[in-house]
Amino acid sequence: MILRQEGDRLTCVRQVDHAALSGTLAEAWGTPPWDSPRPRPEVLIAAARHDDAWKGWDQAPEVRDGRPLGFYEVDRRTTTAMYAAGVDRLEDVDRYAALMVSLHYSGFFTSHWGWQPFSTPERFAEPQAAALRQFVDGELQRQGRLREALALGPEDELVLEVNYKWLQLWDRISLDICRQSAIEPWAIHYPAVPSRYGGGAAVELKFAMVAPGRYTLNPYPLGAAAFSASVRAAIVGAGPFATNEAFLAELRAAAPARLTASIESVSG
């Protein structure tokens with residue numbers, strides 16, 4: 001679950017809803033000089049379903065010290081088991097999408113194509129470190145098996161690298177809409193990525209919130225001159241909550257809400 005506290009209110013976004021916004025971004029991606037994603041159906045599935053692994057957890061997130069845990073606070077023994085099971089299920093849907101999501105999850109803890117991981121297993125205490133090492137090793141084996149099953153050649157690997165890096169952007173943009181301040185303006189520079197398949201200079205995107213619900217993204221990669229989307233959310237009191245059940249009761253009683261996002265380009 002993605003959490004954003006502002007004052008005495010806590011905005012809660014399920015991982016699957018955040019991922020749906022990532023998929024909407026992927027679908028809109030591709031105004032020149034940016035290429036559109038390919039193979040398109042498979043990449044869109046990966047973007048929109050990359051956090052299916054969290055479905056069970058988000059139905060009953062853990063409360064600790066009076067507040068629910070954000071996704072980055074969950075014990076890595078729990079998350080790695082969820083990630084592996086989630087990719088298992090996605091393999092039954094589409095192998096290429098499963099390969100992308102396996103790379104995405106393992107890429108939190110090991111580098112793929114030079115992308116900086118969030119962390120590495122040795123930075124965690126045991127037994128979490130052991131769980132992470134086992135998870136990464138298992139996903140690297142899965143990735144080899146899927147590459148072989150998909151018969152990916154050198155050109156396919158170049159495409160996969162671009163898709164992997166774009167997935168990181170779609171994930172980050174959606175995450176930042178959900179978790180960054182919705183009141184005070186902010187700006188974030190993302191790592192440089194290719195804009196096209198098969199070469200070209202890497203491009204660094206700047207994403208900024210300029211007013212509540214209004215964002216700019218430059219250079220602008222989205223097909224529409226003004227992109228609008230929303231993500232489902234629940235807004236509850238900030239707690240503290242005595243038990244998991246107390247938080248879940250308030251979460252279930254919350255009126256449906258949506259976080260809206262209008263993304264435009266700016267000159268200069």
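You'll find the structure just up there.
Residues numbered from 1 in each chain as written. Predicted model: local features only at pLDDT ≥ 70, side-chain atom pairs only at ≥ 80, totals over all residues. Heavy atoms only, no water.

J.: Can you explain the pairing of strand β2 (residues 9–13)? Please cite residues and give values.
T.: Among the 5 residues that make up β2, 4 are buried, leaving the element largely enclosed by the rest of the structure. Two elements, strand β1 (residues 2–6) and β2, share 5 bridges in a ladder whose sense is antiparallel. Residue Ile 2 lies in a different strand from β2, and its bridge partner there is Val 13. Linking β1 back to β2 in an antiparallel pair, the connection comprises 2 residues, with Gly 7 at a positive phi of about 65 degrees. (Buried < 20%, exposed > 50% of the residue type's maximum accessible area, 1.4 Å probe, protein only. Helix = DSSP H or I, 4+ residues; strand = E, 2+ residues; numbered from the N terminus. Pairing = 2+ DSSP bridges.)

J.: Tell me about the pairing of strand β11 (residues 256–264), residues and numbers included.
T.: Across 3 bridges, the pairing between strand β9 (residues 214–218) and β11 is parallel. Note on β11: the bridge partner recorded for Arg 214 is Ser 262. Strand direction decides the pairing type here: strand β10 (residues 226–237) and β11, joined by 9 bridges, are antiparallel. Residue pairing across strands places Ala 233 opposite Ala 257, the latter belonging to β11.

J.: Explain the environment of Leu 44 to me, and be specific about the residues and the numbers.
T.: Residue placement: Leu 44 occurs in helix α2 (residues 40–49). Along the chain, Leu 44 and Ala 97 lie 53 residues apart, while their C-alpha atoms are 8.1 Å from each other. Contacts of Leu 44, omitting those with residues within four sequence positions, involve Gly 23, Ala 26 and Glu 27. (Contact = heavy atoms within 4.5 Å.)

J.: Run through unusual backbone geometry, naming residues and quoting values.
T.: The residue after Pro 32, namely Pro 33, is reached through a cis peptide bond having omega 10 degrees. Of note, Pro 33 is situated in the loop between α1 (15–28) and α2. Despite not being glycine, Trp 113 has its phi angle at roughly 55 degrees, a positive value. As for its placement among the helices and strands, Trp 113 is situated in the loop between α5 (95–106) and α6 (128–150). Positive phi values are uncommon outside glycine, yet Ala 151 reaches one of about 55 degrees. Mapping Ala 151 onto the fold places it in the loop between α6 and α7 (154–179).

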